[in-house]
Structure formats: C-alpha cells, structure tokens
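Residue-level listing of the chains:
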Amino acid sequence: MARIEDIANKLNISKGTVSKALNGAPDVSETLRKAVLETAVDLGYSRSLHKKGAKQLCLFIENMAYAEPADFGHDIIAGFRRAAEPAGFVVQIVDLSEAIQKATRYDEYMLQNNFVGAFFLGLTLSDTWLHQLQTSRTPAVLLDNHVPANPTSCYVGVDNNEGMDLAVAYLKQLGHRKIGYLSGGLGSYVNQQRYLAFFHALRKNGLPDDHHLAGSDYYFSECLQKHLPALLRQNVTAILCSHDLLAHTVMLHCLELGLRIPQDLSIIGFDDLPLCDYTAPPLTTIRQDRTQLGKSGFYALSSLLNSVPISTLLLHAQLVLRQSCGQASPQNPSIRKM
C-alpha cells in the first residue's frame, strides 16, 4: 500500500501539501489537487472508505483479471478512479460472486453498504444481478453489457461495429476476399455484438458473409481443433478474433502447423493488450483505450446520479497496425491439406 510520502516523492512536494490536497484544503490549487489524486491512484494509495461525508461508489468485477498492469481490467479501474476520486467520490472494489448476488438483491446491497452507484465489469448474461438491473433504481453503469429500458442504467464500451469495419476494410485493401472469424463463447453480450458486427462489416465491404466463416466456443481448444481447421479448409486468407488472447493462441497453433504469419495467413485481434507488442509477429488489433473506458464509466455514472438518463456511451475504435497482416497470397498447400 502506497504512503503519503511516496506520493510526495513522486511529485517532489511536501507530505503536508499531499495531505492537504487529499483532504481538499482551499489553499491547494485544483491543478495540484488533481495531480496528487491521480498520482495517489496510480501508486495504489487509498483513503479510508468510511471518511465522514464521502460519497461511495462500488466497482464490481468478476470474470476479469485486474491485479497486474498487464491485466485487462487494471487500466479500466485506474481510469475510473482517476475520474471519480478528484470529483469527491470514494471507490471500493468488490469481487462479485454468485454467492453475493444470491444472498442480497442489488438495490439492497447498495443501500446496506452506503453506495450511491456502481460500475460493473465482467458480468455475464446469466448473472442474477443482470436481470435485477432491468428494474433497479440504484444507478449502474455496465461495461460491455446493455440493460434496456431502465433510465438508471447505462452501457459503456467501444464501438464494435466501427472496429470490425476498420479491420475488414483494411484486410480488403490488402487483397483479402475470404475472411474468417473466431470467437469466445456467445454467452456474453460483447461476444454476441462482435459476432454480429463482423458479418455486418463483411456485407458493408461487399465480401462473402456465409455463416460457416465464423466459429465460436467457450474453450480455446475447440476453436483450435474444430473451428480453425474448418476455416482453413474454406481457404480463408485472414482471420479476425474476438479478443487478443484467442488471436495469439490461434497464431501459435498456425505456426505449429507450418503456416507463416502473415505470408500465408493474416490475423487480427481485439483489445490491444500489452502482449500484442511482444507476440511473434507483433499482433495487429482493434484497440480499446481501457483508461478512457474507465473514465467514461464514471462520466456515465455521474450523469445517472444527476438524473440524466444516458443509455449508451461508446468510444471510437482504433485499428493498431503491426506485423501480423500482409497482402493476400495464393493459397498455401499446407492449408489445403487440412
């Protein structure tokens, strides 16, 4: 746990100044106060969650790693805190479990724990609270999940249609005319949206959109053993994946099969995780700015807390070009044998 002196050393100011900034002293400028708070968040410093008068927000997280800087949820949490804490909120992170959801209804949990609003990361379509959020009254923002017709909930994410269109248009520019898609299980809202967005992008770019060009499964092994060979037998020259970890796994398996990336097959991921710079070759991907997603989560929640019924907040997607994509080439014989 970071200390006040760690913040002071980082900013080259006194511990007294840090303390005053953290406590909202009037003789500390707003610029310095924000710098102190942002540094405190980055270093892992946390004030008491029971400070008198502080308004508390809860960040629920499940099915998502966040402890290490390379984890997907790490920067989202940091972004949320960097926006919420300078605005006077205290943020508590709760690892959400099915046991918590079954023991107490969402609105009751929030009331009992004095939380005024929540940001949800990693909810699945089968979660108990996701169904309760359809009629809940406590403001809630959900990353990559949509609760329709409830003015106290908001969906935050990246524009999946835009991202898929950027990727497909780029591959078309490289001469690819038959593009496949591999996805994690369709039991999550975001995987469903990306699946639909892929086919929408194919149609928009005038490319074949046969449903056999896509495969999905919760287990990577099924994608590798069943769906990847099926795509290769159809002579696809490029494959999009629903997220980077799957794309990296597909890339490694293709290399084991003797396929060259990108000479024989182009691969694109989704998310732009830190590992993308270090795969062999480095992975082209659709970037989500996770820090900005976290900040957007707070901005949406702040709107709901002020009775502004914002429904959806989507960030623009960005295609990050690396070395896993190349010009389409005549089909490699090793692919035809599969």
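Preceding this paragraph is the structure being described.
The structure presented is a predicted model; accordingly, all values stated were derived computationally and were not measured.

1. Brief notes about the overall build of the chain
Logical step 1: A tally of helices and strands in the chain yields 13 helices and twelve strands.
Logical step 2: Dimensions of the chain, computed from C-alpha atoms along their principal axes, come out at roughly 70 × 45 × 35 Å.
Logical step 3: Within the chain, buried positions represent 51% of all 338 residues.
Logical step 4: Relative to all contacts within the chain whose residues are 6 or more apart in sequence, the contacts with residues 24 or more apart total 69%.

2. Examining the nonpolar core
Logical step 1: Counting residues in hydrophobic clusters, the biggest one holds 26 residues, and the most contacted among them are Leu59, Phe80, Phe119, Leu121, Val141 and Leu143.
Logical step 2: Taken together, the elements giving at least two residues each to this core come down to strand S1 (55-61), helix H4 (72-84), strand S2 (89-95), strand S3 (115-121), strand S4 (140-143), strand S5 (153-158), helix H12 (290-305) and strand S11 (312-315).
Logical step 3: Ranked by residue count, the leading element in this core is H4, at six residues.
Logical step 4: Filtering out sequence-adjacent residues up to four positions away, Leu121 remains in contact with Leu59, Phe60, Ile61, Glu62, Met64, Ile76, Ile77 and Leu143.
Logical step 5: Among the nonpolar cores identified, the runner-up in size contains 24 residues, and Phe199, Leu202, Ala214 and Leu240 belong to it.

3. Focus on the pattern of salt bridges
Logical step 1: One pass over the full model with this rule turns up 14 salt bridges.
Logical step 2: In this structure, Asp264 and Arg260 form a salt bridge, with 3.0 Å as the shortest nitrogen-oxygen distance.
Logical step 3: In this structure Asp264 comes out as buried when scored by relative accessible area, which is 6%.
Logical step 4: Here Arg260 falls in the partly exposed class, since its relative accessible area comes to 46%.
Logical step 5: A salt bridge links Arg287 to Asp272; its shortest N-O distance comes to 3.4 Å. Here Arg287 is found in strand S10 (residues 284-287), whereas its partner Asp272 is found in the loop between strand S9 (266-271) and S10, with 15 residues between them in sequence.
Logical step 6: Judged by its relative accessible area of 11%, Asp272 falls in the buried class.

4. Some points on the environment of Leu22
Logical step 1: Looking at the secondary structure, you find Leu22 in helix H2 (residues 15-22).
Logical step 2: Taking C-alpha positions, Leu22 is 9.2 Å from Lys34, a pair spaced twelve residues apart along the chain.

5. Some thoughts on unusual backbone geometry
Logical step 1: The peptide bond linking Ile261 to Pro262 adopts the cis configuration, its omega dihedral lying at 10 degrees.
Logical step 2: Along the polypeptide, Pro262 turns up in the loop between helix H11 (244-256) and S9.
Logical step 3: Positive phi values are uncommon outside glycine, yet Asn63 reaches one of about 55 degrees.
Logical step 4: On the secondary structure map, Asn63 appears in the loop between S1 and H4.
Logical step 5: Since its relative accessible area comes to 61%, Asn63 is described here as exposed.
Logical step 6: For Ser307, which is not glycine, the phi torsion reads 65 degrees and is therefore positive.

6. What about the packing of aromatic side chains?
Logical step 1: With the rule as written, the count across this model stands at 18 aromatic pairs.
Logical step 2: Between Tyr106 and Phe120 the ring centres are 5.6 Å apart and the planes differ by 55 degrees, which places this aromatic pair in the tilted class. You can see Tyr106 sitting in helix H6 (residues 106-112) and its partner Phe120 sitting in strand S3, a full 14 residues away along the chain.
Logical step 3: The buried category is assigned to Tyr106, whose relative accessible area is 1%.

7. Considerations on the sheet that holds S3
Logical step 1: Read across the sheet, six strands follow the order S2-S1-S3-S4-S5-S11 without closing on themselves; strand pairing throughout is parallel. The sheet is open, and its two borders are formed by S2 and S11, each paired with just one other strand. Within this sheet the neighbouring strands show an average axis-to-axis angle of 20 degrees, counted without direction.
Logical step 2: Sheet topology places S4 next to S5; four bridges connect them, and they run parallel.

8. Topic: the layout of surface pockets
Logical step 1: The computed volume of the largest pocket comes to approximately 930 Å³.
Logical step 2: Among the elements of the structure, helix H9 (189-204) and H11 are those that each provide at least two residues to the lining of the largest pocket.
Logical step 3: It is H9 that contributes the most residues to the lining of the largest pocket, four residues altogether.
Logical step 4: For the lining of the largest pocket, a count of residues per class yields 13 nonpolar, twelve polar and six charged.
Logical step 5: Considering only enclosed or pocket space, the second largest pocket measures out at about 210 Å³ in volume.
Logical step 6: As for the second largest pocket, its lining consists of eleven residues, and the residues nearest its centre are Val41, His74, Ile77, Ala78 and Arg81.
Logical step 7: Along the lines of polarity and charge, the residues of the lining of the second largest pocket split into seven nonpolar, two polar and two charged.

9. Some points on the sheet that holds strand S6 (residues 179-183)
Logical step 1: Across the sheet, which stays open at both edges, the six strands sit in the order S7-S6-S8-S9-S10-S12 with mixed pairing between neighbours. The open sheet terminates on both sides in strands that have one partner only, identified here as strand S7 (214-216) and strand S12 (318-320). Each strand axis lies, on average, 20 degrees off the axis of its neighbour in the sheet, ignoring direction.
Logical step 2: Pairing between strand S8 (residues 238-241) and S9: three bridges, direction parallel. When the sheet's bridge partners are listed, Leu240 is paired in S9 with Ile268.

What counts and what doesn't
- Residues numbered from 1 in each chain as written.
- Predicted model: local features only at pLDDT ≥ 70, side-chain atom pairs only at ≥ 80, totals over all residues.
- Heavy atoms only, no water.
- Helix = DSSP H or I, 4+ residues; strand = E, 2+ residues; numbered from the N terminus.
- Buried < 20%, exposed > 50% of the residue type's maximum accessible area, 1.4 Å probe, protein only.
- Contact = heavy atoms within 4.5 Å.
- Core = buried A, V, L, I, M, F, W, Y, C linked by side-chain atoms within 4.5 Å.
- Salt bridge = Lys/Arg side-chain N within 4 Å of Asp/Glu carboxyl O.
- Phe/Tyr/Trp six-rings, centres within 6.5 Å; stacked < 30°, edge-to-face > 60°.
- Pairing = 2+ DSSP bridges.
- Axes fitted to C-alpha atoms, helices over the stretch in contact; angles between N-to-C directions.
- 1 Å grid on protein atoms, 1.4 Å probe; cavity = no way out; pocket = protein on both sides within 12 Å on 5 of 7 lines; lining within 4 Å.
- Points joined across faces, edges and corners; volume = space filled by probe spheres on them.
- Nonpolar A, V, L, I, M, F, W, Y, C, P; charged D, E, K, R; others polar.

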